[in-house]
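Observations on the three-dimensional arrangement
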Amino acid sequence: MCQFTQRSSTLSFPKICNLFWRFHHTSTSHLCSCSKTVSDEKYQDPFQLGRKDLKNLYEDIKKELLVSAAEFKEMCDYYFDGKGKAFRPMIVVLMARACNIHHNNSREVQASQRSVAIIAEMIHTASLVHDDVIDDANSRRGKLTVNQIWGERKAVLAGDFILSAASVALARIGNTTIISVLTQVIEDLVRGEFLQLGSKENENERFAHYLEKTFKKTASLIANSCKAVSILGCPDPKVHEIAYQYGKNVGIAFQLIDDVLDFTSCADCLGKPTAADLKLGLATGPVLFACRQFPEMNAMIMRRFSKPGDVERARKYVLQSDGVQQTTYLAQRYCHEATREISKLRPSPEREALIQLTEMVLMRDK
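Residues numbered from 1 in each chain as written. Predicted model: local features only at pLDDT ≥ 70, side-chain atom pairs only at ≥ 80, totals over all residues. Heavy atoms only, no water.

1. Concerning the overall build of the chain
The helix and strand tally for the chain stands at 19 helices and two strands. Taking all 366 residues of the chain together, the buried fraction comes to 54%. Pairs at least 24 apart in sequence give 75% of the contacts found in the chain among residues at least 6 apart. A total accessible area of about 16,200 Å² is found for the chain, and carbon and sulfur atoms account for 52% of it. (Helix = DSSP H or I, 4+ residues; strand = E, 2+ residues; numbered from the N terminus. Buried < 20%, exposed > 50% of the residue type's maximum accessible area, 1.4 Å probe, protein only. Contact = heavy atoms within 4.5 Å. Areas by Shrake-Rupley, 256 points an atom, 1.4 Å probe, with all protein chains shown as cover.)

Listed below in structure tokens is the structure:
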């Protein structure tokens with residue numbers, strides 16, 4: 001886990017809450033003014049800047065998924081429809097360019113670095129297919145899930161196949177260090193899912209548990225993919241750590257905002273039902289912060305919101321508390337850390353775009 005997460009895990013939950021509250025009042029205005037400077041003077045649209053390297057991304061992914069069975073192909077093509085923003089591959093190619101420029105002023109993305117972007121999207125999509133089976137989800141990205149259309153068994157096999165194709169593409173890179181870095185992602189995804197299945201009785205341990213789960217399920221993929229392209233582009237271990245720390249902090253912030261949107265956004269905007277985490281029995285950041293003001297939520301957390309009316313009551317408590325606000329402040333903290341790390345690299349349009357990306361993570365509404 002990142003330094004901030006490790007540090008917070010040693011604090012009691014009330015101290016964590018107070019720390020974030022103090023941070024908001026002392027630092028948030030400073031963060032905003034810094035972001036404005038970057039936006040106004042050096043604005044770089046990450047999606048525009050990364051578009052060149054992501055051209056034909058989904059077509060190349062489909063080439064990795066060549067299968068003869070028509071139904072299997074249809075399932076694999078279902079998620080790789082080219083309609084997503086390709087958030088993770090975009091971060092990867094921007095990080096690749098930023099590290100290449102930092103090292104030797106090279107402005108080209110290596111073929112192996114682009115392969116990492118492809119592999120990252122494949123691993124991410126395979127994890128979504130499996131998550132939807134575990135959660136018995138009905139919709140994802142505004143359309144029916146694979147498991148709802150083809151059934152759970154075939155959905156599991158489709159996810160496995162995408163993951164195996166990603167592994168073949170990874171082996172083709174031919175770099176044992178890169179293989180080690182990216183296979184760590186798969187291990188973290190599994191461990192994160194197990195963490196999500198459990199919960200801590202001690203409320204002081206719950207937040208550390210939640211952040212560790214968040215890192216493993218969401219941030220590890222971004223962190224290790226960024227590290228992988230930095231290794232391919234630059235021999236300096238310090239640069240590898242910068243790339244990793246940036247990806248980790250952005251990844252955690254991304255998930256924190258996702259957890260906020262589960263309470264504040266409409267189902268049509270999200271492309272999936274709201275309060276989904278509560279219905280799955282999960283206590284995310286807004287819930288854990290809300291417990292400080294509504295201690296009666298602790299019993300609901302322990303029974304995973306299983307009694308009739310628990311989900312509705314918990315959602316009401318969260319919206320009446322400052323849980324959403326505190327979780328947003330925490331996401332700001334992680335984005336600030338990401339900006340601090342990436343700012344250590346030599347200035348480049350790609351570096352500025354990665355800084356701009358932290359703003360976009362905080363401002364997104366779906």
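2. So, the packing of helix α12 (residues 237-264) against helix α19 (residues 349-363)
The relative placement of two packed helices is expressed as an angle between their axes plus a distance between the axes. Direction vectors running N to C along α12 and α19 enclose 15 degrees, while the axes themselves pass 9 Å from each other. Classed by the angle they form, the pair α12 and α19 counts as roughly parallel. Of the two elements, α12 crosses α19, and the hand of that crossing is left-handed. Between α12 and α19, the contacting residues are Tyr246, Val250, Ala253, Phe254 and Ile257 on the first element and Leu354, Ile355, Leu357, Thr358, Val361 and Leu362 on the second. Looking at the contact of α12 with α19, its residues break down into 10 nonpolar, one polar and no charged. (Axes fitted to C-alpha atoms, helices over the stretch in contact; angles between N-to-C directions. Parallel < 35°, antiparallel > 145°, perpendicular 65-115°, else oblique. Left-handed = near helix turned anticlockwise from the far one by under 90°. Nonpolar A, V, L, I, M, F, W, Y, C, P; charged D, E, K, R; others polar.)

3. Some thoughts on the pattern of salt bridges
Under the criterion given, the structure shown has 18 salt bridges. When the shortest N-O distance is used, the salt bridge between arginine 172 and glutamate 64 registers 3.0 Å. With a gap of 108 residues between them, arginine 172 in helix α9 (residues 152-173) and glutamate 64 in helix α4 (residues 57-64) connect regions that are remote in the sequence. By relative accessible area, which is 54% here, arginine 172 ends up exposed. Linking arginine 333 and glutamate 337 is a salt bridge whose minimum nitrogen-to-oxygen distance equals 2.5 Å. On the criterion of helical spacing, the pair formed by arginine 333 and glutamate 337 is a turn pair, its members being four residues apart in helix α18 (residues 323-342). For arginine 333, a relative accessible area of 15% gives the class buried. (Salt bridge = Lys/Arg side-chain N within 4 Å of Asp/Glu carboxyl O.)

4. Some remarks on the packing of aromatic side chains
For the structure on display, the rule yields seven aromatic pairs. Arranged with centres 6.4 Å apart and planes meeting at 45 degrees, the rings of tyrosine 58 and phenylalanine 80 form a pair that is tilted. One end of the pair, tyrosine 58, is in helix α4; the other, phenylalanine 80, is in the loop between α5 (70-79) and α6 (87-104), with 22 residues separating them in the sequence. For the pair tyrosine 58 and phenylalanine 80, one class covers both residues: buried. Geometrically, the ring pair formed by phenylalanine 294 and tyrosine 317 is stacked, given 4.6 Å between the ring centres and 25 degrees between the ring planes. Taken as a pair, phenylalanine 294 in the loop between α15 (285-290) and α16 (297-302) and tyrosine 317 in helix α17 (residues 310-320) lie far apart in primary sequence, 23 residues in all. Overall, phenylalanine 294 belongs to the buried group, its relative accessible area being 16%. Counting every residue linked through ring pairs, the aromatic cluster contains Tyr78, Tyr79 and Trp150. The cationic tip of lysine 143 hangs over the ring face of tyrosine 78; the distance from NZ or CZ to the ring centre is 4.0 Å. If you follow lysine 227 out to its NZ or CZ, it ends over the ring of tyrosine 244, 5.8 Å from the centre. (Phe/Tyr/Trp six-rings, centres within 6.5 Å; stacked < 30°, edge-to-face > 60°. Lys NZ or Arg CZ within 6 Å of the ring centre and 35° of its normal.)

5. Describing the packing of α6 against helix α11 (residues 203-233)
One can describe the packing of α6 onto α11 by two numbers: an axis separation of 8 Å at closest approach and a directional angle of 30 degrees. One finds that α6 runs roughly parallel with respect to α11. In this structure, α6 crosses over α11, and the sense of that crossing is right-handed. Between α6 and α11, the contacting residues are Phe87, Arg88, Ile91, Val92, Met95, Ala96, Cys99, Asn100 and His103 on the first element and Leu221, Ile222, Ser225, Cys226, Val229, Ser230 and Gly233 on the second. Among the residues forming the contact of α6 with α11, the class breakdown is 10 nonpolar, five polar and one charged.

6. Re the environment of phenylalanine 294
Spatially, the C-alpha atom of phenylalanine 294 lies 8.7 Å from that of valine 318, the residues being 24 residues apart in sequence. Apart from residues no more than four positions distant in its own chain, phenylalanine 294 is found in contact with Tyr317, Gln320 and Ser321.

7. Here we look at the environment of tyrosine 58
Given the relative accessible area of 11%, tyrosine 58 is considered buried. Between the alpha carbons of tyrosine 58 and methionine 122 there is a distance of 9.8 Å; along the sequence they are 64 residues apart. Leaving out residues up to four positions away in the same chain, tyrosine 58 has contacts with Phe80, Gly82, Gly84, Ala86 and Glu121.

8. Details of the confidence of the model for the chain
For the chain, per-residue confidence averages 86 on the pLDDT scale, and residues scoring 70 or more make up 86% of the total. The least confident element of the chain is helix α2 (residues 13-42), whose mean pLDDT is 40; the most confident is α18, at 98. Low pLDDT, under 50, characterises residues 1-41; the stretch is placed with 66 contacts to residues that sit more than four places away or in other chains. (pLDDT = per-residue confidence, 0-100.)

9. A word on a nonpolar patch on the surface
Judged by side-chain polarity, Ile134, Val190, Phe194 and Leu197 come together as a nonpolar surface patch covering roughly 430 Å² of accessible area. The greatest single-element share of the nonpolar patch, amounting to three residues, is contributed by helix α10 (residues 176-197). Residue classification places valine 190 among the partly exposed residues on the basis of a relative accessible area of 46%. (Patch = residues over 30% accessible without salt bridge, like charges linked within 9 Å, V, L, I, M, F, W, Y side chains within 5 Å.)

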